[in-house]
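If you want the building blocks of each chain, they are given just below.
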Amino acid sequence: MHLQRWLGPWPADDKDGNLKADIALYSHTDPMRTIRQLAAAIRVPEGAIVRYVLAKWASEGASGLLELGPTMTRRLHAVCTAAEMSGDDEARLAAYHKLRQMLSWLNYPLDNPEVYE
């Protein structure tokens, strides 16, 4: 596999524009430098490190779903879907506030572990 740099272009209204901008941003770095150094330091083949990094990154969405759970994931997504269906900036702002409250509730035990004592 050839790791190639990609800097675009992409249309301003591209639905994947944020990802493409990130791809272009990271095209300026050489990931193999880190891979080579890590592989040498822990005495593991470079290809094994690359496979690990790709597999871990590719499965992050599934890991996030497992951690958050399907019910909460759907609840959070429903807030965004309803706001987008309205097509109204006021509804989007209200959705932001609702999501912020929901996430604050989820985060509360992380900041206050004593609630489980």
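Our subject is the structure listed above.
Figured I'd write up the structure that's included with this text. Computed from a predicted model, the values in this text were never measured in an experiment.

What counts and how
Residues numbered from 1 in each chain as written. Predicted model: local features only at pLDDT ≥ 70, side-chain atom pairs only at ≥ 80, totals over all residues. Heavy atoms only, no water. Helix = DSSP H or I, 4+ residues; strand = E, 2+ residues; numbered from the N terminus. Buried < 20%, exposed > 50% of the residue type's maximum accessible area, 1.4 Å probe, protein only. Contact = heavy atoms within 4.5 Å. Areas by Shrake-Rupley, 256 points an atom, 1.4 Å probe, with all protein chains shown as cover. Core = buried A, V, L, I, M, F, W, Y, C linked by side-chain atoms within 4.5 Å. Salt bridge = Lys/Arg side-chain N within 4 Å of Asp/Glu carboxyl O.

1. Here we look at the overall build of the chain
Helix and strand counts for the chain stand at five helices and zero strands. Walking the chain from its N terminus toward its C terminus, one meets helices and strands in the order α-α-α-α-α. Reported as C-alpha extents along the three principal axes, the dimensions of the chain are approximately 50 × 50 × 20 Å. Counting all 117 residues of the chain, 15% fall into the buried class. Look at the contacts in the chain between residues 6 or more apart in sequence, and 19% of them connect residues 24 or more apart. Total accessible area computed for the chain in this model is approximately 10000 Å², and 60% of it derives from carbon and sulfur atoms.

2. Some words on the nonpolar core
Residues Met72, Leu76, Val79, Ala83, Ala95, Leu99 and Met102 constitute the largest nonpolar core, which totals seven residues. Sorting the residues of this core by element identifies α4 (70-86) and α5 (89-111) as the ones contributing at least two each. Excluding residues within four positions of it along the chain, Met102 makes contact with Met72, Arg75, Leu76 and Val79.

3. Topic: the pattern of salt bridges
Under the counting rule described, the total for this entry stands at five salt bridges. Note that Asp14 is salt-bridged to Lys20, the shortest N-O span being 2.5 Å. For Asp14, a relative accessible area of 18% corresponds to the buried category. Across the pair Arg92 and Glu84 runs a salt bridge whose closest N-O atoms are separated by 3.0 Å. Counted as one network, the salt bridges with shared partners bring together Glu84, Asp89 and Arg92.

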